[in-house]
Amino acid sequence: MTAIVATGLGMRYGKRVALRDCSMEIPSGSVTALVGPNGAGKTTLLLLAAGLLAPTAGTITVLDRTPDRDVELISRIGFVAQDVPLYGSFTVAEMLRFGQKMNHHWDQQLAQQRMEKLQIPLNQQVHELSGGQRAQVSLALALGKKPDILLLDEPLASLDPLARREFMRVVMETAADSKITIVLSSHLVADLERVCDHLVVLSSSRTQVVGEIGTLLDGHCVLVGPHCDSREPDIAGVASIVERTDSERQTSLLVRTNGPILDPKWISEPVTLEDLVLAYLARPGATALPAPRAMSQASAS
Amino acid sequence: MIHFRLNAQSGVATYVQLVHQVRHALRSGLLEPGDQLPTVKEVVGSLAINPNTVLKAYRELEHAGLVEGRPGMGTFVLRSLEGPPPDKQAALRKSLQRWLQSALEAGLSPDAVLAFVDAAIRDVTEDSVA
Amino acid sequence: MWLTWRQHRAQFIAGVVLCGVLVAFLVVTGLGMRSTYDSLGVATCLAATPARDCTMLFSQFQNQYSSLQFLVPLFLLLPVLLGVFWGAPLIAREVEQGTYRLAWTQSVTRRRWTVTKLFMVGSVAVILSAAFSAVLWWWADPLVGGPSVQRFKYGIFDLLGVVPVAYTLFAVALGVAAGVVLRRTTVAMVATLCGFAVARLAVELVLRPNYQHAVTAAYPLSFSSKTGPPDGAWVLAENTVTASGFAVSGDSNGISLSYVPMQHICPYLTPDSAPGSAAMQQCLTQNGIHVVATFQPYDRYWLFQGIESALFIVLAIALALFSVWWVRRRVR
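Draft legend 1. Structural detail: the overall build of chain A. In terms of regular secondary structure, chain A is built from 8 helices and 13 strands. Relative to the compact-globule value of 19 Å for 301 residues, chain A shows a C-alpha radius of gyration of 21 Å, a close match. Projected onto its principal axes, the C-alpha positions of chain A cover 70 × 40 × 35 Å. Every one of the 301 residues in chain A was classed for burial, and the buried ones make up 47%. Once local pairs closer than 6 in sequence are excluded, the contacts in chain A between residues at least 24 apart make up 70%.

Draft legend 2. Representation of the overall build of chain B. Secondary structure assignment for chain B yields 5 helices and 3 strands. Reading chain B from its N terminus to its C terminus gives the helix and strand order α-β-α-α-β-β-α-α. The C-alpha radius of gyration computed for chain B amounts to 18 Å, which surpasses the reference 14 Å derived for 130 residues by more than 25%, pointing to a less compact arrangement than a globule. In terms of its C-alpha atoms, chain B occupies a principal-axis envelope of roughly 60 × 35 × 20 Å. In chain B, which comprises 130 residues, the proportion classed as buried is 22%.

Draft legend 3. Up close: the sheet that holds strand β12 (residues 250-257) of chain A. Residues and elements named next belong to chain A. Sheet architecture is open: 4 strands sit in the order β11-β12-β10-β13, paired in antiparallel fashion. Bordering the open sheet on either side are β11 (238-246) and β13 (267-269), each of which pairs with just one other strand. Strand-to-strand twist across the sheet, computed as the mean angle between neighbouring axes with direction ignored, equals 30°. Pairing of β11 with β12, which is carried by 7 bridges, proceeds in the antiparallel orientation.

Draft legend 4. Quick peek at helix α2 (residues 40-47) of chain B. Among the residues of α2(B), B:V40, B:V43, B:V44 and B:L47 are the ones counted as buried. Buried residues in α2(B), looked at end-on, bunch into an arc of 100°, giving them a common side. Of the surrounding secondary structure, the elements contacted by the buried residues of α2(B) are α6 (161-177) of chain A together with α3 (51-63) of chain B. Taken from the residues just after α2(B), B:A48 is the one with a positive phi, measuring 60°.

Draft legend 5. Representation of the domain arrangement of chain B in the model. Split into domains, chain B comes out as domain 1 (14-77) and domain 2 (86-129). Taking only C-alpha atoms, the centre of domain 1 of chain B and the centre of domain 2 of chain B are 30 Å apart.

Draft legend 6. Local environment of the interface of chain A and chain B. Across the contact, 16 residues belong to chain A and 16 residues belong to chain B. In terms of residue count, the dominant contributor to the side of chain A that touches chain B is α6(A) (7 residues). Here the side of chain A that touches chain B is composed, by residue class, of 9 nonpolar, 1 polar and 6 charged.

Draft legend 7. Seen up close, the interface of chain A and chain C. Facing the 22 residues of chain A at the interface are 17 residues of chain C. The element best represented in the side of chain A that touches chain C is helix α3 (residues 92-102) of chain A, accounting for 4 residues. Among the residues forming the side of chain A that touches chain C, the class breakdown is 15 nonpolar, 3 polar and 4 charged.

Draft legend 8. Structural context of the sheet that holds strand β4 (residues 57-62) of chain A. Residue and element names in this part refer to chain A. One open sheet holds the 3 strands; their spatial order is β2-β1-β4, and the pairing between them is antiparallel. The sheet terminates laterally at β2 (16-27) and β4, the two strands that pair on one side only. If you compare each strand with its neighbour and ignore which way they point, the axes differ by 20° on average. Relative to β4, strand β1 (residues 2-13) runs antiparallel, the two sharing 5 bridges.

Draft legend 9. Expanded view of the packing of helix α10 (residues 163-182) of chain C against helix α11 (residues 185-207) of chain C. All names here are of chain C. Two elements in contact, α10 and α11, have axes separated by 8 Å at closest approach and are oriented at 140°. Considering their axes alone, α10 and α11 lie oblique with respect to each other. Considering how the two elements wind past one another, α10 and α11 form a crossing that is right-handed. Between α10 and α11, the residues in contact are A171, L174, G175, A178, G179 and L182 and T185, V187, A188, A191, T192, G195 and F196, respectively. Looking at side-chain class alone, the contact of α10 with α11 contains 8 nonpolar, 5 polar and no charged residues.

Draft legend 10. Structural context of the domain arrangement of chain A. All names here are of chain A. Here chain A is partitioned into domain 1 (2-213) and domain 2 (219-282). Using only C-alpha atoms to locate each centre, domain 1 and domain 2 end up separated by 35 Å. Between domain 1 and domain 2, the residue contacts involve 11 residues of the former and 5 residues of the latter. Of all the secondary structure elements, the ones that give two or more residues to the side of domain 1 that touches domain 2 are β8 (198-203) and β9 (206-212).

Draft legend 11. Here's a closer look at the nonpolar core. If you look at the biggest cluster of nonpolar residues, it comprises 166 residues, and the most contacted ones within it are A:L151, A:Y280 and C:A173. Tallying contributions element by element places α10(C) first for this core, with 14 residues. Residues contacting A:L151, with those up to four places away along its chain left out, are A:L46, A:A49, A:A50, A:I77, A:G78, A:F79 and A:V183. The next biggest cluster of nonpolar side chains, apart from the first, holds 6 residues, and it includes C:A233, C:W234, C:A293 and C:F295.

Draft legend 12. Expanded view of the packing of α3(A) against helix α5 (residues 131-144) of chain A. All names here are of chain A. In contact at an axis separation of 9 Å, α3 and α5 are set at 25° when each is read in the N-to-C sense. Our classification of the angle between α3 and α5 gives roughly parallel. Once α3 is placed against α5, the crossing between them reads as right-handed. For the pair α3 and α5, contact is made by V92, M95 and G99 and by V137, L141 and G144, respectively. Residue composition of the contact of α3 with α5, grouped by class: 4 nonpolar, 2 polar and no charged.

Draft legend 13. Layout of the pairing of strand β2 (residues 67-70) of chain B. Residue and element names in this part refer to chain B. Where β2 meets strand β3 (residues 74-77), 4 bridges bridge the pair, whose relative direction is antiparallel. Bridge pairing in β3 links E68 to F76. Turn length for the β2-β3 hairpin, with the two strands adjacent in sequence and antiparallel, is 3 residues, and the turn residue G72 shows positive phi of about 85°.

Draft legend 14. Structural context of the environment of A:L110. Assignment of secondary structure puts A:L110 in helix α4 (residues 108-117). Separated by 174 residues in sequence, A:L110 and A:P284 have C-alpha atoms that sit 45 Å apart.

Draft legend 15. Main features of the environment of A:E72. All names here are of chain A. Relative to the assigned elements, E72 resides in helix α2 (residues 71-74). Overall, E72 belongs to the exposed group, with 10 C-beta atoms counted inside 10 Å. Along the sequence, E72 and M168 sit 96 residues apart, while their C-alpha atoms lie 27 Å from each other.

Draft legend 16. Representation of helix α1 (residues 42-50) of chain A. All names here are of chain A. When you tally the buried positions in α1, you get 8 out of 9 residues, the bulk of the element. When we look at burial in α1, the residues that qualify are K42, T44, L45, L46, L47, L48, A49 and A50. G51, located one to two residues past α1, shows a positive phi value of around 85°.

Draft legend 17. Summary view of the pairing of β2(A). All names here are of chain A. For β1 and β2, the ladder comprises 8 bridges, and the chain directions are antiparallel. Paired with A6 across the strands is M24, a residue of β2. Hairpin connection of β1 to β2: 2 residues between the antiparallel strands, including G14 at a positive phi of 60°.

Rules and cut-offs
Position numbers for residues start from 1 in each chain and track the written sequence from start to end. Written order determines the labels here, with chains lettered from A and ligands numbered from 1. The model is predicted, so local features are restricted to residues of pLDDT at least 70 and side-chain atom pairs to those at 80 or more, both for listing and for counting; the totals for chains, interfaces and linings are taken over all residues. Secondary structure elements are taken from DSSP: a helix is a run of H or I of four residues or more, a strand is a run of E of two residues or more, and numbering for both begins at the N terminus. Note on method: radius of gyration uses C-alpha positions; expected globular size equals 2.2 Å times residues raised to 0.38. To sort residues by burial, count the other C-beta atoms lying within 10 Å of each one's C-beta; a count of 20 or more means buried, 12 or fewer means exposed, and anything in between means partly exposed. C-beta atoms are built from the backbone. Throughout, a pair of residues is in contact if the C-beta atoms placed from their backbones lie within 7 Å. When DSSP finds at least two bridges between two strands, those strands are taken to pair. Only the stretch in contact is used when a helix axis is fitted, and all axes are lines through C-alpha atoms; the angle between N-to-C directions ranges over 0 to 180 degrees. The directions considered for the arc run from the helix axis to the C-beta atoms. Each domain's limits were defined by an automated method or a database of domain assignments. Under the convention adopted here, Pro, Cys and the residues Ala, Val, Leu, Ile, Met, Phe, Trp and Tyr are nonpolar, Asp, Glu, Lys and Arg are charged, and Gly plus all remaining residues are polar. Roughly parallel refers to an angle under 35 degrees, roughly antiparallel to one over 145, roughly perpendicular to one between 65 and 115, and oblique to any angle outside these ranges. Two helices crossing with the near one rotated counterclockwise from the far one by less than a right angle form a left-handed crossing, whereas a clockwise rotation gives a right-handed crossing. Definition of nonpolar core: a set of buried Ala, Val, Leu, Ile, Met, Phe, Trp, Tyr and Cys residues joined via C-beta atoms within 7 Å.

If you want it as structure tokens, here you go:
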């Protein structure tokens, strides 16, 4: 069951194109990282999924329905926007009451318990809270209505490391409890590997990499070998070269594989998620996208 | 009860680290048959990692016959891991020394030998776990 | 609904407090005015039959309160103030601060959200302005209920009766619409101010005189008795003309009939021909000089109030519907 399906999705604001021909499938129950440089369209994608924007090209469906103005569907989507908007003059208790009044299924007890556990005083005004606390309140608001999908737009960006860990702890505990699908966008990759199992890389408004993280990491490696002069060395088992670094004595290649590397000249080493993402971002032409209607081997770019 | 740690910089996949930690605990006697492993929720709560990762690790251990998941109750240790018996160990040591001899004769320095061994261990463990 | 109240609590309270202060002010001064009114005997003068000329007494009364009368035009600003400070930020502020992303991802439709906001702000605005208008009517009664009832005049028509409520509703709706379209609070506030001014002036100067076809009547010129359009009428134009229609400056009371133009008609007049002199009188009758006035009689006052109110209320409703529609189909 796929939670979110985008087909040829495009979004333009007047002359500016934010998204171009994006296609992806995000399976139910997964935790997907949406990664890309600033301005690549991550926020736009999330706004489209949350029903706050309507696409100018292509389609996006959430739980097999179009989120645009479908209130019943929106009530099953929890969204935490960038910069964590809250009503500054409200107290925490009033924000929870807001959630209660504006939603049909709302677990007030759970939300209050969570605030207590995090030691966030209920009668403090929102604008007096720290960044981490505000993020937790926003998260509680999004989770209070027991959504099937949780969309987080750069939730960790302005948080200190401890707050980040706390935030992700709550998110992961929720994931452990329910079949919720989570998409979180970030321009920091390092934190994501322990948390996410799927990856979408957006670069220059297009999807560049889409897939399950385990599969992606298995399908890529770094080959280190003696300095190689040829521009496109043909090595058995290599589908395409993503990144190449040459030094005087050595050449190292980050490659996508389609078979075992048997050539003894090349030593293969595993690749980290961060290296993978950075390599692809540095090479806009390269893609690792699943073949249409199949989440399996990617097609060469 | 085992307490997991995560080394985010090691380059080793999270679930592999969990599996290794359980195996190590079994080998060193920290975990004995009948002990319960932490629940998925507990691990997630302490490490803030993806619950699917924990599930993957536990499935792996279950495949290897080391643990057993009982629905509604948790995951429990089935058997312990012991090292190979002493005569097996002696045989392994002998073949290692023979290999080392030929490597040094071929011109590898002790440092190079260590690098070689590291890479080989990684290759072999990945193949066995993947 | 709770949300709208809680979110805009501060503004509502400020508005009520301001209204309260003004009402208190009016009540205090109003009571003072009425006692002066009575002590000067203006009421008895007006009630006396046959009708006496109470203008002197009335002027005396008016002069006592001339300073207050300068304040009154400020009340014209009240509808705009509500529109600018309540209407414009209502939705524009949420867009600016991004909180709309919070509000629109809950289980409430955008339409309901907008409608609730409009309804609450509109209702409170109407209640406040109606209360204020009522008090203002009571307060102004001595001042404008005098010998020449002036309610119909420019400026005073706008302050009393039902129209201020309609203006307020219009201003608030305009403010919200501006905020929704322009999405920036300060810009919307300026736009509301300008829009309101333009609309009001256009209606006041162009449309209002024509709600009903004005009455044109001729009156003889007289220097001794009162002639001219009836009391309280809104005089749109008044000209002293000869029988053949040639205009001469002056008014129905003949007091300001000026010498120079008269001389063109009756060359035999000399500078010391007083208005009441025989020579002047002869000139007048000879040429059939009389007054022609175009006016709206006072009995149309409430009709006009109704028409203008309805006009602005319709505009307000149209703007409100527009705002709801715009928010609903709005992409960002």
